[in-house]
Amino acid sequence: MKYEQVRTIDPAVADALEAEVDRQRETLSMIASENHVSEAVLEAQGSALTNKYAEGYPGKRYYAGCEYADEIEELAIARAKELWGAEHVNVQPHSGTQANMGVYLAMLDPGDKILSLELEHGGHLSHGHPANFTGQTYEVEQYQVDPDTGYIDYDSVAEKADEFTPDIIVSGYSAYPREVDFQRIQDVADAVGAYHLADIAHITGLVAAGVHASPVGIADFVTGSTHKTVRAGRGGIIMTTEEHASAIDTAVFPGAQGGPLMHNIAGKAVGFKEALQPEFTAYAEQVVTNAKVLAETFEDHGLEVVSGGTDTHLVLVDLRESHPDLSGGTAEDSLAAANIILNANTVPGETRSPFDPSGIRAGTPGLTTRGFDENDIAEVGELIYEVVDNHDSDDVIYDVGERVKELCDANPLYE
Ligand SMILES: *Cc1c(COP(=O)(O)O)cnc(C)c1O
């Protein structure tokens with residue numbers, strides 16, 4: 001990829017853009033929330049639609065000249081409905097956090113109560129963290145995973161809901177490797193008269209492909225990211241029933257946002273079309289198979305995998321037992337030096353600081369996009385273990401880094 005027009009105006013930015021493409025080509029992108037979109041999605045996102053104001057919704061805009069914006073947004077909505085089976089879809093949220101903001105704004109008043117999973121146990125900032133607007137606007141109570149099993153403690157969700165009487169219960173997580181039982185959370189919500197927001201940001205693609213159970217038709221609101229396991233470019237989405245459709249649309253615009261990012265909505269339309277192809281199901285299945293192989297490889301080497309495995313695209317490793325002196329942050333740095341990019345993560349029962357926690361989180365969506373299969377992933381697991389186990393050996397880091405480059409060359413990206 002050459003950024004020739006950028007280069008004539010701004011060589012510094014062109015250099016960095018080209019270097020970023022090379023970085024993605026030459027490293028293993030294993031941050032569980034990241035992926036690589038197709039060049040078709042990139043092209044749509046880089047289109048002249050970035051120039052267009054289209055406040056409002058298809059057919060009822062506040063500006064003239066929206067006929068093509070309408071066409072594209074309607075395509076994005078129709079495809080999303082087909083992918084996830086929702087009655088109503090809003091494709092305008094700029095991000096997953098904005099999608100959640102839309103739901104809260106539509107259904108809650110300041111001071112209302114949110115029950116959600118604790119951040120350290122795999123939750124998300126936008127579920128009520130004190131540093132986020134949600135923690136500052138609403139009253140928040142949090143549930144946890146069972147420290148022994150690593151699974152959501154559904155009984156404690158029910159107990160907390162009874163005591164706290166939340167207005168909304170949030171399910172769906174950032175660092176949870178297991179299948180979520182959305183119906184069980186819905187039963188708790190029904191019992192206490194709360195709404196249920198299922199935030200499937202991480203697993204949007206897995207749900208679309210049917211490799212993870214869907215909350216659509218169960219939860220009142222389903223929010224998602226369009227850039228994680230579905231490869232439709234950076235953004236958010238809200239799905240709901242006809243009953244709540246106009247409340248959601250009004251909350252997104254004019255409630256939380258101004259003009260929609262129509263170029264990103266074009267990217268969503270194209271990425272959703274790709275996800276409707278039969279190959280996408282095979283992709284999503286391979287993502288999960290690869291994550292399972294990664295978890296097994298780690299366990300074979302004595303690393304502690306939270307919950308003992310995975311049902312999804314991600315694996316969470318708790319380093320405290322096997323490598324008590326190694327923090328997640330140090331592991332992240334050593335792995336990055338070996339061209340393996342993943343992130344340090346808190347683990348259930350965290351005893352270190354959130355800035356340098358005890359775990360690492362690894363995802364398979366990006367590598368699977370590049371064509372990595374079980375054998376490749378098993379080798380990647382071995383390489384990760386070698387670095388973790390020899391995190392201060394420059395020789396090991398160098399050798400692993402060279403092997404990673406070969407694996408990248410064998411599975412090229414953006415040719
Ligand atoms: C990634 C994520 C989001 C969305 O994050 P943005 O960066 O705002 O797009 C929302 N909820 C959960 C659980 C996530 O993991």
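Residues numbered from 1 in each chain as written. Predicted model: local features only at pLDDT ≥ 70, side-chain atom pairs only at ≥ 80, totals over all residues. Heavy atoms only, no water.

1. A word on the sheet that holds strand E15 (residues 359–363)
Okay, step 1: Pairing in this open sheet of four strands is antiparallel, and the strands run E11-E12-E15-E14 from one edge to the other. Looking along the sheet, the strands with just one partner apiece sit at the ends: strand E11 (304–305) and strand E14 (343–345). (Pairing = 2+ DSSP bridges. Helix = DSSP H or I, 4+ residues; strand = E, 2+ residues; numbered from the N terminus.)

2. Some remarks on a nonpolar patch on the surface
Okay, step 1: A grouping of Tyr53, Tyr62 and Tyr63 is seen on the molecular surface, where their side chains present a nonpolar patch of about 380 Å² in accessible area.
Okay, step 2: Along the polypeptide, Tyr53 turns up in the loop between helix H3 (39–45) and strand E2 (56–57). (Patch = residues over 30% accessible without salt bridge, like charges linked within 9 Å, V, L, I, M, F, W, Y side chains within 5 Å. Areas by Shrake-Rupley, 256 points an atom, 1.4 Å probe, with all protein chains shown as cover. Salt bridge = Lys/Arg side-chain N within 4 Å of Asp/Glu carboxyl O.)

3. Quick word on the site of the ligand
Okay, step 1: Residues in close proximity to the ligand total 13 residues, the closest being Gly96, Thr97, Ser174, Asp199 and Lys228.
Okay, step 2: Note that an oxygen atom of the ligand is positioned 3.2 Å from one of the side-chain N or O atoms of Ser95.
Okay, step 3: With respect to the ligand, the side chain of His202 contributes an N or O atom lying 3.4 Å from an oxygen atom.
Okay, step 4: Here the ligand has 380 Å² of accessible area as a free molecule, and 85% of this is covered by the chains. (Near = heavy atom within 4 Å. Polar contact = N/O pair within 3.5 Å; in protein donor to acceptor, adjacent residues only side chain to side chain.)

4. Regarding the packing of aromatic side chains
Okay, step 1: All chains considered together, the criterion is met by nine aromatic pairs.
Okay, step 2: By the ring-pair criterion, three or more aromatic residues cluster together here, those being Tyr104, Phe133 and Tyr138.
Okay, step 3: One Lys or Arg, Lys113, reaches over the ring of Phe164 and ends 5.1 Å from the middle of that ring.
Okay, step 4: For the cation-ring pair, Arg231 lies above Tyr283, with the distance from its terminal atom to the ring centre recorded as 3.7 Å. (Phe/Tyr/Trp six-rings, centres within 6.5 Å; stacked < 30°, edge-to-face > 60°. Lys NZ or Arg CZ within 6 Å of the ring centre and 35° of its normal.)

5. Concerning the nonpolar core
Okay, step 1: Formed by 57 residues in total, the largest nonpolar core has its most connected members in Trp84, Ile152, Ile169, Met239 and Phe272.
Okay, step 2: Within the residue set of this core, elements represented by two or more residues are helix H4 (67–84), strand E5 (113–117), helix H7 (154–164), helix H8 (182–192), helix H9 (204–208), strand E10 (236–240), helix H11 (262–275) and helix H12 (278–300).
Okay, step 3: Once residues within four sequence positions are removed from consideration, Phe272 is found in contact with Ala76, Arg79, Ala80, Leu83, Trp84, Val91, Thr226, Val230, Ala232 and Ile237.
Okay, step 4: Counting residues in hydrophobic clusters, the runner-up holds 35 residues, among them Val315, Val317, Leu383 and Val404. (Core = buried A, V, L, I, M, F, W, Y, C linked by side-chain atoms within 4.5 Å. Buried < 20%, exposed > 50% of the residue type's maximum accessible area, 1.4 Å probe, protein only. Contact = heavy atoms within 4.5 Å.)

6. Here's the deal with the UniProt feature "site: Plays an important role in substrate specificity" (unreviewed entry) in the protein
Okay, step 1: In the numbering adopted here, UniProt assigns the feature "site: Plays an important role in substrate specificity" (unreviewed entry) to His227.
Okay, step 2: The topology assignment puts His227 in the loop between strand E9 (221–225) and E10.
Okay, step 3: Owing to a relative accessible area of 13%, His227 belongs among the buried residues under this scheme.
Okay, step 4: Among residues more than four places away in sequence, those in contact with His227 are Ser33, Glu34, Asn35, Gly233, Arg234 and Gly235.
Okay, step 5: A polar contact of 3.1 Å, which involves the side chain of His227, links it to the backbone nitrogen of Gly235. (UniProt positions renumbered as here; feature names shortened; annotations may be inferred.)

7. A look at the UniProt feature "modified residue: N6-(pyridoxal phosphate)lysine" (unreviewed entry) in the protein
Okay, step 1: Summarizing the sequence annotation, UniProt attributes the feature "modified residue: N6-(pyridoxal phosphate)lysine" (unreviewed entry) to Lys228 in the numbering used throughout.
Okay, step 2: Filtering out sequence-adjacent residues up to four positions away, Lys228 remains in contact with Ser33, Glu34, Asn35, Ala201, His202 and Pro365.

8. What about helix H5 (residues 96–107)?
Okay, step 1: Between the first and last C-alpha of H5 there are 17 Å, a value that for twelve residues agrees with the 16 Å anticipated at 1.5 Å per step.
Okay, step 2: Of all the positions in H5, only Gly96, Gln98, Ala99, Asn100, Gly102, Val103, Tyr104 and Met107 are classed as buried.
Okay, step 3: One side-chain oxygen of the residue at the start of H5 lies 3.3 Å from the amide nitrogen of Thr97, identifying that residue as Ser95. (Expected span 1.5 Å × (residues − 1).)

9. Re the environment of Ser393
Okay, step 1: Mapped onto the secondary structure, Ser393 falls in the loop between helix H15 (374–389) and helix H16 (394–410).
Okay, step 2: On a C-alpha basis, the gap between Ser393 and Leu28 in space is 20 Å, while along the polypeptide they are 365 residues apart.
Okay, step 3: Only 3.0 Å separates the side chain of Ser393 from the backbone nitrogen of Val396, close enough to count as a polar contact.

10. Examining the pattern of salt bridges
Okay, step 1: For the structure shown, the criterion picks out 13 salt bridges.
Okay, step 2: Across the pair Asp15 and Arg7 runs a salt bridge, and its minimum N-O distance is 3.0 Å.
Okay, step 3: Under the relative-accessibility criterion, Asp15 is labelled partly exposed at 43%.
Okay, step 4: When its relative accessible area of 30% is taken as the criterion, Arg7 is described as partly exposed.
Okay, step 5: Close ionic contact of Lys160 with Glu141 constitutes a salt bridge, the shortest N to O distance being 3.6 Å. Within this pair, whereas Lys160 is found in helix H7, its partner Glu141 is found in strand E6 (residues 139–143), the two being separated by 19 residues in sequence.
Okay, step 6: Classification of Lys160 by relative accessible area gives partly exposed; the value is 25%.
Okay, step 7: One salt-bridge network, held together by shared partners, links Arg7, Asp15 and Glu18.

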